[in-house]
Amino acid sequence: MLANSNATANLAVKDLAKAKAFYEGTLGLKEVHNEGGELIVYKSGDTAINVYQSQFAGTNKATAVTWTVGDEIGNVIKELKSKGVTFEHYDMPGLTLEGDVHVGYGMKVAWFKDPDGNILNLVDR
């Protein structure tokens, strides 16, 4: 029923202005719609990300958004670090940490957080 429909990620934040600075200034996403300071819709490739103000911001302890960046993962990490992004390091079975990249199972993955603690990641495939 939904297999041919697009899906959108939703990210709760406490401070929309602070989130706007991060998602636009740090990540380079483009705002495509704004609902009166309560919700900002960003374009990311062929998908959208809704960033909205909520009292429940930062309560999700799992990955919320994944960007597939292919062979550019190292360059993307380097650029994000130059903008002050700190990458998370996790102890995960089957994955080896190489710098800020977790390597294993034929993939490379790196995790980071937005200002509200939403967990975001990059993957090479």
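Residues numbered from 1 in each chain as written. Predicted model: local features only at pLDDT ≥ 70, side-chain atom pairs only at ≥ 80, totals over all residues. Heavy atoms only, no water.

Looking at an unreviewed UniProt entry, the chain carries the name VOC family protein, with the source organism given as Mesorhizobium cantuariense.

1. A short note on the sheet that holds strand β3 (residues 39-44)
The pairing of strands in a sheet comes from backbone hydrogen bonds and takes either a parallel or an antiparallel form. With mixed pairing, four strands are arranged side by side in an open sheet as β1-β4-β3-β2. Both edges of this open sheet fall to β1 (9-13) and β2 (30-34), since each of them pairs with a single strand only. Between one strand and the next, the sheet's axes are offset by a mean angle of 30 degrees, whatever the strand orientation. Sheet topology places β2 next to β3; four bridges connect them, and they run antiparallel. Looking at the pairing, Lys 30 lines up with Lys 43 of β3. Packing against the sheet, helix α1 (residues 16-26) makes contact with β1, β2, β3 and β4 (47-53), and its axis sits at approximately 10 degrees to β3. (Pairing = 2+ DSSP bridges. Helix = DSSP H or I, 4+ residues; strand = E, 2+ residues; numbered from the N terminus. Axes fitted to C-alpha atoms, helices over the stretch in contact; angles between N-to-C directions. Contact = heavy atoms within 4.5 Å.)

2. Some thoughts on the UniProt feature "domain: VOC" (unreviewed entry) in the chain
Listed under "domain: VOC" (unreviewed entry) in the UniProt record, and renumbered for this structure, are residues 5-125. Here residues 5-125 is 17% helix and 41% strand, with 22 Å between the C-alpha atoms at its ends. (UniProt positions renumbered as here; feature names shortened; annotations may be inferred.)

3. Things to note about the packing of aromatic side chains
Summed over all chains, the structure comprises five aromatic pairs. Taken together, a centroid distance of 5.1 Å and an interplanar angle of 90 degrees make the contact between Phe 22 and Tyr 23 edge-to-face. Exposure class is identical for Phe 22 and Tyr 23. Each is buried. Considering the side-chain rings of Trp 67 and Phe 112, the 6.5 Å spacing of their centres and the 20 degrees angle between planes classify their relative orientation as stacked. With a gap of 45 residues between them, Trp 67 in strand β5 (residues 63-68) and Phe 112 in strand β9 (residues 107-113) connect regions that are remote in the sequence. Side by side, Trp 67 and Phe 112 carry an identical accessibility label, which is buried. Ring pairs connect the aromatic residues Phe 22, Tyr 23 and Tyr 42, which therefore count as one cluster. (Phe/Tyr/Trp six-rings, centres within 6.5 Å; stacked < 30°, edge-to-face > 60°. Buried < 20%, exposed > 50% of the residue type's maximum accessible area, 1.4 Å probe, protein only.)

4. Considering the pattern of salt bridges
In the structure shown here, the tally under the stated rule is five salt bridges. Residues Lys 83 and Glu 79 are paired through a salt bridge, measuring 3.6 Å at the closest nitrogen-oxygen approach. Judged by its relative accessible area of 46%, Glu 79 is partly exposed. Members of the salt-bridge network, linked through shared partners, are Lys 20, Glu 24 and Glu 31. (Salt bridge = Lys/Arg side-chain N within 4 Å of Asp/Glu carboxyl O.)

5. Re the nonpolar core
Counting residues in hydrophobic clusters, the biggest one holds 25 residues, and the most contacted among them are Tyr 23, Leu 27, Val 51, Trp 67, Phe 112, Leu 120 and Leu 122. Put simply, the parts of the chain that give this core at least two residues each are β1, α1, β3, β4, β5, α2 (73-82), β9 and β10 (119-123). Per-element tally for this core: the top contributor is α1, with four residues. Those residues in contact with Trp 67, other than ones at most four positions away along the chain, are Leu 27, Leu 29, Ser 44, Ile 49, Phe 112, Leu 120, Asn 121, Leu 122 and Val 123. Membership of the second largest hydrophobic core comes to six residues, among which are Leu 95, Met 107, Trp 111 and Ile 119. (Core = buried A, V, L, I, M, F, W, Y, C linked by side-chain atoms within 4.5 Å.)

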